[in-house]
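# Coordinate inspection notes
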Amino acid sequence: MPPKALTLHACEQVLRFTRVAAWDDLSEERKVQLGFNLGIVALGLGLSKAEGYDAMAQTRMGTLSMPALHAHLRQLVAQHHVLVNESQIARDF
């Protein structure tokens, strides 16, 4: 069953915002948006705390790189068979 439109949009947003090199490359507004969208992804895909929030917290603390977080999220999206629109992910912000 394909994800609901809100979950799909949130998947695209978290992948979009995690394209940056480091956590501090995001504005405070984007950090909030990333956290909000990750919450929607976690609920929509039924992720565990470790899969979602813990990975973001590790990135914020500097123990996980932003590229590693992006790769982790890509893997989760693929595992849940979410077909994202790459042009939405590639958009500037």
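Below is a short write-up of the structure.

Criteria and cut-off values
Residues numbered from 1 in each chain as written. Predicted model: local features only at pLDDT ≥ 70, side-chain atom pairs only at ≥ 80, totals over all residues. Heavy atoms only, no water. Salt bridge = Lys/Arg side-chain N within 4 Å of Asp/Glu carboxyl O. Buried < 20%, exposed > 50% of the residue type's maximum accessible area, 1.4 Å probe, protein only. Helix = DSSP H or I, 4+ residues; strand = E, 2+ residues; numbered from the N terminus. Lys, Arg positive; Asp, Glu negative; His and termini not counted. Contact = heavy atoms within 4.5 Å. Core = buried A, V, L, I, M, F, W, Y, C linked by side-chain atoms within 4.5 Å. Phe/Tyr/Trp six-rings, centres within 6.5 Å; stacked < 30°, edge-to-face > 60°. Arc of directions from axis to C-beta.

### Quick notes on the pattern of salt bridges
Across all of its chains, the model carries 4 salt bridges by this definition. A salt bridge links K31 to D24, with the shortest nitrogen-to-oxygen separation between them at 3.6 Å. Of the residues examined, K31 reaches a relative accessible area of 13% and is grouped as buried. Residue D24 is classed as exposed on the basis of its relative accessible area of 63%. Between E28 and K31 there is a salt bridge, and its shortest N-O distance comes to 3.2 Å. Of this pair, E28 and K31 are both found in helix α2 (residues 28-45), 3 residues apart, which corresponds to roughly one turn of the helix.

### A closer look at the side chain of E12
By the secondary structure assignment, E12 is in helix α1 (residues 5-17). It turns out E12 is buried and unbridged, and the closest side chain with the opposite charge, R91, is 6.6 Å from it. With sequence-adjacent residues up to four places away left out, E12 is seen in contact with V84, N85, Q88 and I89.

### Thoughts on the nonpolar core
Among the nonpolar cores identified, the biggest contains 25 residues, and C11, L26, L34, V41, L73 and V84 are the most heavily contacted of them. At 6 residues, α2 tops the list of elements feeding residues into this core.

### Overview of the packing of aromatic side chains
Applying the stated criterion to the full structure yields 1 aromatic pair. Their ring planes at 85 degrees and their centres at 5.3 Å tell us that F17 and F93 sit as a pair that is edge-to-face. Within this pair, whereas F17 is found in helix α1, its partner F93 is found in the segment after α5 (86-90), the two being separated by 76 residues in sequence.

### Topic: helix α3 (residues 50-61)
Residue pairs spaced three or four apart in an α-helix point in one direction, given the helix's 3.6 residues per turn. Regarding α3, the residues found buried are G52, A55, M56 and T59. Across the axial projection of α3, the buried residues extend over an arc of 100 degrees, all falling on one side. Buried positions along α3 lie against α2 and α4 (66-79). G62 lies just past α3 and shows a positive phi near 90 degrees.

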